[in-house]
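Each chain, written out:
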Amino acid sequence: MDEMTAGGQTDLGYEAVAEDEATEVAAEAASAKAAASGLAVEARGLAFSYPGGTPVFQGLDWQVPAGAFLLMVGATGSGKTTLLRSLKPEIAPAGERAGMLRVFGTSLDAWSVGDSAAGIGYVAQSPENQLVCDTVWHELAFGLENLGVPQDVMHRRVAEVAHFFGIEPWMR
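Presented here is a report on the structure given in the accompanying data block. If you're wondering where the values come from, they're calculated on a predicted model, not measured in any experiment.

Another point: helix H5 (residues 151-165). With 15 residues, H5 should reach 21 Å at 1.5 Å per residue; the first-to-last C-alpha distance of 21 Å fits that figure. Buried within H5 we find Val153, Met154, Arg157, Val158 and Ala162. For H5, the angular spread of buried residues about the axis comes to 165°, placing them on one side. Of the exposed residues in H5, those oriented more than 90 degrees away from the buried face are Asp152 and His163. Immediately beyond the C-terminal end of H5, within one or two residues, lies Gly166, with a positive phi of roughly 70°.

Below, the structure is given as structure tokens:
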């Protein structure tokens, strides 16, 4: 278990930033923090056990450089998904975690729900099971809607993403 990618977060209060700029500010702050630390993920002596179970992993020291594109491989049941879900507070598995775990230099326990939603992404093993909308446009806009991004900004960002990935024809 020694590879993965992650997003970022901001220390800025969203109330101090115009709503339509909040996500851009969070991304810029995350980039600055990542550049300063050089690490997207850092674990020291990390251990995890499900309730009443034996340890899934223990004594894990692991670093992921900011901007890295990595592959995590291992046998079924070796803890890959448990480790990756541990990086996203909203879907972290129930159980006992010990050791230090930081994402972009901030302890995972210090992330607010809003910053985590804006800065840490997770795609499960079967992304087709994660689709929630009936069109590509709505699927791309779904996360932005949940973050409260204004409609005009949302339309622009969806168009930018569609252009970047070359999927504009799917938007019609």
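Let us now look at a nonpolar patch on the surface. Residues Val161, Phe164 and Phe165 make up a contiguous nonpolar surface patch of roughly 350 Å² in combined accessible area. Look at Phe164 and you get exposed, because its relative accessible area is 66%.

We now examine the pairing of strand S1 (residues 39-49). Across the eleven residues of S1, nine count as buried, placing the element largely inside the fold. Taken together, the seven bridges between S1 and strand S2 (residues 55-65) define a ladder with antiparallel strand orientation. Bridging from a neighbouring strand, Leu46 pairs with Leu60 of S2. The loop that links S1 with its antiparallel partner S2 comprises five residues; one of these, Gly52, has a positive phi angle of about 70°. Pairing geometry for S1 and strand S3 (residues 96-103), over seven bridges, is antiparallel.

One pass over the structure, following the stated rule, counts four salt bridges. Put simply, Lys88 and Glu90 hold a salt bridge, and the shortest N to O gap is 3.5 Å.

Rules of the game
Residues numbered from 1 in each chain as written. Predicted model: local features only at pLDDT ≥ 70, side-chain atom pairs only at ≥ 80, totals over all residues. Heavy atoms only, no water. Helix = DSSP H or I, 4+ residues; strand = E, 2+ residues; numbered from the N terminus. Expected span 1.5 Å × (residues − 1). Buried < 20%, exposed > 50% of the residue type's maximum accessible area, 1.4 Å probe, protein only. Arc of directions from axis to C-beta. Patch = residues over 30% accessible without salt bridge, like charges linked within 9 Å, V, L, I, M, F, W, Y side chains within 5 Å. Areas by Shrake-Rupley, 256 points an atom, 1.4 Å probe, with all protein chains shown as cover. Salt bridge = Lys/Arg side-chain N within 4 Å of Asp/Glu carboxyl O. Pairing = 2+ DSSP bridges.

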